[in-house]
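Survey of secondary and tertiary structure
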Amino acid sequence: ARRGDYGGGVQSGTIEVQQAGAPLATSCTYTADTATCALLQPVSGGAVTLSATIRDLAGNRSLPVTRSFVVEDLVPPTLSITEPLEGAAGVPPRTAVRLTYGDEGSGVDTASLALVVNGTSVGWECQFGASTGVCVPVADLPTGAILLSATVRDLQANLSPVASVQFSVSASPSYSVTLSGTT
């Protein structure tokens with residue numbers, strides 16, 4: 001970065017780098033008219049905008065210089081199935097599946113969630129929060145042993161490791177009504 005102040009000079013050591021208004025820790029080296037700064041903490045993956053200011057010898061802060069760039073996110077998101085529990089028995093055929101997910105980089109693309117039952121894709125209705133989701137199958141899960149597997153991608157298309165859980169689904173209770181008596 002070029003630095004300069006017509007008439008007085010700038011104060012070395014007063015560069016402030018910010019992301020979304022929050023200061024970032026930096027380590028800077030200075031020459032007569034240039035400063036080179038390295039961030040001491042990582043920034044999230046995806047589109048990033050940083051701004052920098054410096055003070056002159058009178059203490060006045062410069063106008064911010066802004067730069068935008070893309071940080072490649074190579075780390076996949078995390079995903080786990082929290083319900084039903086591993087080994088659960090007697091699970092209803094339309095049980096709610098609860099998930100937790102996260103991504104340190106670009107964020108989780110919840111629309112990419114894939115839930116597979118015994119190797120077959122089935123339809124789900126899902127509601128998502130910032131780090132949790134609840135999905136209910138649109139049709140009854142098959143009776144018996146179930147292997148539920150799930151994956152999700154982040155906004156940079158990195159695929160999570162497969163999360164899976166095994167449980168067993170009980171048959172839907174069937175009800176019948178018999179009316180008897182006199183009329």
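For the structure given in this document, a descriptive report is provided here. Treat the numbers as computed from the prediction; the structure is a model and nothing was measured. Chains are numbered independently. Their residues run from 1 in the order of the written sequence. In view of the model being predicted, local features appear only for residues whose pLDDT reaches at least 70, and side-chain atom pairs are presented and counted only at 80 or more, with totals across whole chains, interfaces and linings using the full set of residues. Water and hydrogen atoms play no part in the side-chain values, which are based on all heavy atoms of the structure.

1. A word on the nonpolar core
To keep it simple, the criterion reads: Here, the term nonpolar core denotes a set of buried Ala, Val, Leu, Ile, Met, Phe, Trp, Tyr and Cys residues that are joined through side-chain atoms within 4.5 Å. Any residue under 20% of the maximum accessible area for its type is buried, any over 50% is exposed, and the rest in between are partly exposed; the area is computed with a 1.4 Å probe on protein chains only. Each helix is a run of H or I in the DSSP string that is no shorter than four residues. Each strand is a run of E no shorter than two, and both are numbered from the N terminus. When checking whether two residues touch, look at their non-hydrogen atoms; a contact exists if any pair is within 4.5 Å.
Core analysis: the biggest nonpolar cluster contains 21 residues, and L99 and L148 have the highest contact counts within it. Taken together, the elements giving at least two residues each to this core come down to β7 (78-83), β8 (97-102), β9 (108-117), β13 (144-154) and β14 (163-169). For L99, the residues in contact, after removing those within four places along its chain, are L79, S80, I81, T82, L113, L115, S131, T132, G133 and C135. L24, A35, V48 and I54 belong to the second-largest nonpolar core, a separate cluster that totals 9 residues.

2. Considering the pattern of salt bridges
Going by this rule: Definition used for salt bridges: Asp or Glu carboxyl oxygen within 4 Å of a side-chain nitrogen of Lys or Arg.
Applying the stated rule across the entire model yields 3 salt bridges. E16 is the partner of R61 in a salt bridge, and the nearest nitrogen-oxygen pair spans 3.9 Å. In this pair, R61 sits in the loop between β5 (46-53) and β6 (65-71) while E16 sits in strand β1 (residues 16-19), placing the two residues 45 residues apart along the sequence. According to the relative accessible area criterion, R61 is partly exposed, its value standing at 42%.

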